[in-house]
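# Structural characterization, general
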Amino acid sequence: MFLLNLVKLIPFVFYFLKTQRQINAPSIDSYLQPFYAKHNKKLKESTLLKIKNFYSISIHLCCASYKKLYGGKLSDKERELATLTAICTPVIDDFTDDKTLSKEALDKLTSAPYDYEPKTLEEDIAKTSVGILLANVKCPVDFSDSLKQVMQAQHWSMSQMDPTISGDELLEITIEKGARYQILCHHLIDDALTRQTMDALYLLGGMLQLNDDIFDVYIDYKENITTCANVHFPPSATTKK
């Protein structure tokens with residue numbers, strides 16, 4: 001049965017990736033161009049690569065998989081919402097990683113974007129994207145609550161810079177980060193999120209985050225970020241302070 005399901009899944013994934021790559025680049029560039037013209041500046045190449053090569057693929061794949069479970073396909077609107085989330089996610093991540101915004105400012109930007117006055121290109125993109133998402137998802141209150149939980153998990157993850165973090169806390173952070181983001185992605189589609197589905201996504205998201213940490217083990221090790229995948233390694237002595 002497992003092999004049969006795998007055989008069915010492989011064509012779906014390859015067809016999806018091929019189709020999505022053809023859609024992603026032009027729609028992302030078209031969305032970002034007015035911001036570039038307004039601020040006379042472009043996103044960092046590393047951030048743009050994350051948008052096009054990772055988030056725009058992974059988020060659409062998650063949402064398309066959810067729809068397939070419900071017996072449907074992504075609508076044009078759902079696809080657009082997934083694209084917006086793929087654009088603003090790494091931009092918001094950079095605010096935390098680069099410490100360019102305070103926790104208070106970042107929380108206001110993501111919870112009350114209409115009241116936020118952007119000062120940079122990145123803030124403008126994040127504010128506009130989150131605002132459009134809140135105005136177009138089926139359940140804006142649930143989406144907003146879910147986004148707050150994602151941000152709380154993101155803030156909590158800063159504890160991973162502490163090499164003395166306990167194994168139990170590290171595992172909780174890892175699961176929470178992955179779980180909350182998967183639940184947020186489900187809010188991008190029109191199908192109702194049941195308690196049972198949320199519980200399943202919580203487990204799935206945690207496992208996906210653990211898997212992601214395995215792939216990023218070297219990068220995290222060099223950045224002195226403690227994860228479940230590198231917890232047995234000492235902090236890197238060559239990391240720039």
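Residues numbered from 1 in each chain as written. Predicted model: local features only at pLDDT ≥ 70, side-chain atom pairs only at ≥ 80, totals over all residues. Heavy atoms only, no water.

## Notes on the overall build of the protein chain
- Each helix and strand counted, the protein chain has nine helices and zero strands in total.
- The N-to-C order of helical and strand elements in the protein chain reads α-α-α-α-α-α-α-α-α.
- Expressed as a percentage of its 241 residues, the buried residues of the protein chain come to 41%.
- Nonlocal contacts in the protein chain, meaning residues at least 24 apart in sequence, comprise 62% of its contacts between residues at least 6 apart. (Helix = DSSP H or I, 4+ residues; strand = E, 2+ residues; numbered from the N terminus. Buried < 20%, exposed > 50% of the residue type's maximum accessible area, 1.4 Å probe, protein only. Contact = heavy atoms within 4.5 Å.)

## Brief notes about the packing of aromatic side chains
- With the rule as written, the count across this model stands at two aromatic pairs.
- Between Y31 and F35 the ring centres are 5.4 Å apart and the planes differ by 55°, which places this aromatic pair in the tilted class. Here the residue Y31 and the residue F35 both occupy positions in helix α1 (residues 2-39), the gap between them amounting to four residues, near one helical turn. Accessibility assignment for this pair places Y31 and F35 in one class, buried.
- Between F54 and Y55 the ring centres are 4.8 Å apart and the planes differ by 80°, which places this aromatic pair in the edge-to-face class. (Phe/Tyr/Trp six-rings, centres within 6.5 Å; stacked < 30°, edge-to-face > 60°.)

## Things to note about the nonpolar core
- With 47 residues, the main nonpolar core has L32, L43, I59, C63, F143 and L188 as its most contacted residues.
- Taken together, the elements giving at least two residues each to this core come down to α1, α2 (45-69), α3 (76-97), α4 (103-111), α5 (121-136), α6 (140-156) and α7 (167-186).
- If you tally residues by element for this core, the top one is α3, at nine residues.
- The contact partners of L188, leaving out residues within four places of it in the chain, are I59, C63, E78, L81, A82, T85, L133, V137 and F143. (Core = buried A, V, L, I, M, F, W, Y, C linked by side-chain atoms within 4.5 Å.)

## What to know about α4
- Within α4 the residues assigned to the buried category are A105, L106, L109 and T110. Mapping the buried residues of α4 onto a view down its axis gives an arc of 125°, with all of them on the same face. (Arc of directions from axis to C-beta.)

## Quick word on the pattern of salt bridges
- Taken as a whole, this structure holds 10 salt bridges when the rule is applied.
- Note that D94 and K50 form a salt bridge whose closest N and O atoms lie 4.0 Å from each other. In this pair, D94 sits in helix α3 while K50 sits in helix α2, placing the two residues 44 residues apart along the sequence.
- Overall, the relative accessible area of 37% leaves K50 in the partly exposed class.
- The network of salt bridges with common partners includes K67, E78 and D191. (Salt bridge = Lys/Arg side-chain N within 4 Å of Asp/Glu carboxyl O.)

## Remarks on unusual backbone geometry
- Of note in this structure, N40 is not a glycine but carries a positive phi near 50°.
- Along the polypeptide, N40 turns up in the loop between α1 and α2.
- Its identity as a non-glycine residue notwithstanding, K99 has a phi of 55°, on the positive side.
- Mapped onto the secondary structure, K99 falls in the loop between α3 and α4.

## Remarks on a nonpolar patch on the surface
- Residues L203, L204, M207 and L208 make up a contiguous nonpolar surface patch of about 380 Å² in total accessible area.
- Within the secondary structure layout, L208 lies in helix α8 (residues 195-215). (Patch = residues over 30% accessible without salt bridge, like charges linked within 9 Å, V, L, I, M, F, W, Y side chains within 5 Å. Areas by Shrake-Rupley, 256 points an atom, 1.4 Å probe, with all protein chains shown as cover.)

## Focus: the packing of α7 against α8
- At a minimum axis separation of 6 Å, α7 and α8 run at an interaxial angle of 120°. Looking at the two axes, α7 sits oblique to α8. The element α7 and its partner α8 pack so that their crossing is right-handed. Touching L171, T174, I175, E176, K177, G178, A179, R180, Q182, I183 and H186 of α7 are T197, M198, L201, Y202, L204, G205, G206, L208, Q209, L210 and D213, all from α8.
- A per-class count over the contact of α7 with α8 returns 10 nonpolar, eight polar and four charged. (Axes fitted to C-alpha atoms, helices over the stretch in contact; angles between N-to-C directions. Parallel < 35°, antiparallel > 145°, perpendicular 65-115°, else oblique. Left-handed = near helix turned anticlockwise from the far one by under 90°. Nonpolar A, V, L, I, M, F, W, Y, C, P; charged D, E, K, R; others polar.)

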